[in-house]
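# Summary of structural features
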Amino acid sequence: MKHCITLIEGDGIGPEVTDAVVRLLDRSGLEIDWDRENAGTATAKRSGQPLPKRVLDSIIRNHVALKGPIETPIGTGFASVNVEIRRSLNLYANLRPVCNLPGIKTPFTNVDLIVVRENTEDLYSGLEHEVVAGVVESLKIITAKASTRIAQFAFSYAQSNSRNRVTAVHKANIMKLGDGLFLESVRSVGRKFKNIDYDEQIVDAACMHLVMNPSKFDVLLLPNLYGDIVSDLCAGLVGGLGLVPSANLGDDLAAFEAVHGTAPDIAGMQRANPTALLLSALLMLHHLNENAIAAHILTALNTVLRSGKVRTPDLGGTATTGEFIDAISQEMELKAPR
């Protein structure tokens, strides 16, 4: 089956890692028509718009996108393109599987977590204004509709993927109304899933327990801001953002992305690790029911990582982005079904 997929290269190292992953996918036997668009800082400089409407139209048309990292200005400049894509397309569920990869030494060897983050509201609604000089008000929006929807996603995902427990992470001891509504909505959904254990953790305590014993957790369910922070914390348990995937999912549309930075200091040098985007692409393949090819690529990636002979600089090696992808491709050919 041929797939039409929107490809957004992004900024900084984005073009290098997307090019590497596209080359590998094209070698895998998949039939893909890449609908190439772009967004972010470079696009804003060229056209005056960081997120042209044609990019959103492409994702709507193709239903699926693969996206490299996009720069978000800090304190000034345009609004986050990443947030705008999720909100404009109602990609309400952010899914981040976090697990140890072979050959990567980390303080923990038993990390196997799923982070589910609500993707459309909370403080990321972008509703803020200056009340008077020196005073800014930012509004935290929590609704029963969005909280119930993300809870339904988390429990359904747990049930479909043989996960045993969902932990809701919150700060309802302080934000009794907003986070309280989030918890009420999650509890209501949880009661329908008799075979899934359910518990709750205050966000600061959850962070402490994650860095002490991450094996205590299974599926973490969080509002938008906590989810952003905790998902990066969890990535640190297994080696960093360069080694974990991310999916943004709606009812009909999906965007799979690398969530690490644009690393402008090494852009154009072929030093970037494409693993995060490759793992995100594998989530995309499962979404497209290309499960056999996804499993084949993952096996090859794990073999290369386990051997340790070909590694990018962030993993202690000297391989270029292209050399790392070529090593995975060669392993795929060696293990190809005969």
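Scope of this entry: the structure provided in the associated data block.

What counts and how
- Residues numbered from 1 in each chain as written.
- Predicted model: local features only at pLDDT ≥ 70, side-chain atom pairs only at ≥ 80, totals over all residues.
- Heavy atoms only, no water.
- Helix = DSSP H or I, 4+ residues; strand = E, 2+ residues; numbered from the N terminus.
- Rg over C-alpha atoms; globule rule 2.2 N^0.38 Å.
- Buried < 20%, exposed > 50% of the residue type's maximum accessible area, 1.4 Å probe, protein only.
- Areas by Shrake-Rupley, 256 points an atom, 1.4 Å probe, with all protein chains shown as cover.
- Lys, Arg positive; Asp, Glu negative; His and termini not counted.
- Charge placed at Lys NZ, Arg CZ, Asp CG, Glu CD.
- Core = buried A, V, L, I, M, F, W, Y, C linked by side-chain atoms within 4.5 Å.
- Contact = heavy atoms within 4.5 Å.
- Pairing = 2+ DSSP bridges.
- Axes fitted to C-alpha atoms, helices over the stretch in contact; angles between N-to-C directions.

Our next topic: the overall build of the protein chain. Across its full length, the protein chain carries 11 helices and 12 strands. By the compact-globule yardstick of 20 Å for 338 residues, the protein chain fits well, its C-alpha radius of gyration being 20 Å. In terms of overall dimensions, the protein chain has C-alpha extents of about 55 × 50 × 40 Å along its principal axes. In the protein chain, which comprises 338 residues, the proportion classed as buried is 54%. For the protein chain, the accessible surface area stands at approximately 15100 Å², while carbon and sulfur atoms represent 53% of it. Side-chain charges of the protein chain comprise 33 positive and 38 negative groups, with the mean position of each set lying 4 Å from the other.

Moving on, we come to the nonpolar core. Burial of nonpolar side chains together is a common tendency in soluble globular proteins. Of all hydrophobic cores here, the largest spans 69 residues; its most connected members are Leu25, Met284 and Ile328. Counting residues per element, this core draws most heavily on helix H9 (residues 275-287), at eight residues. Residues contacting Ile328, with those up to four places away along its chain left out, are Leu24, Leu278, Ile297, Ala300, Leu301 and Val304. With 20 residues, the next largest nonpolar core counts Val98, Leu210, Cys234 and Val244 among its residues.

Attention shifts here to the sheet that holds strand S2 (residues 31-37). Spatial strand order, S2-S1-S3-S12-S11-S4-S5-S10-S8-S9: 10 strands in an open sheet with mixed pairing. The sheet terminates laterally at S2 and strand S9 (197-202), the two strands that pair on one side only. Mean inter-strand twist for the sheet, computed between neighbouring axes without regard to direction, equals 25 degrees. Bridge count between strand S3 (residues 64-67) and strand S12 (residues 254-257): four bridges; the pairing is parallel.

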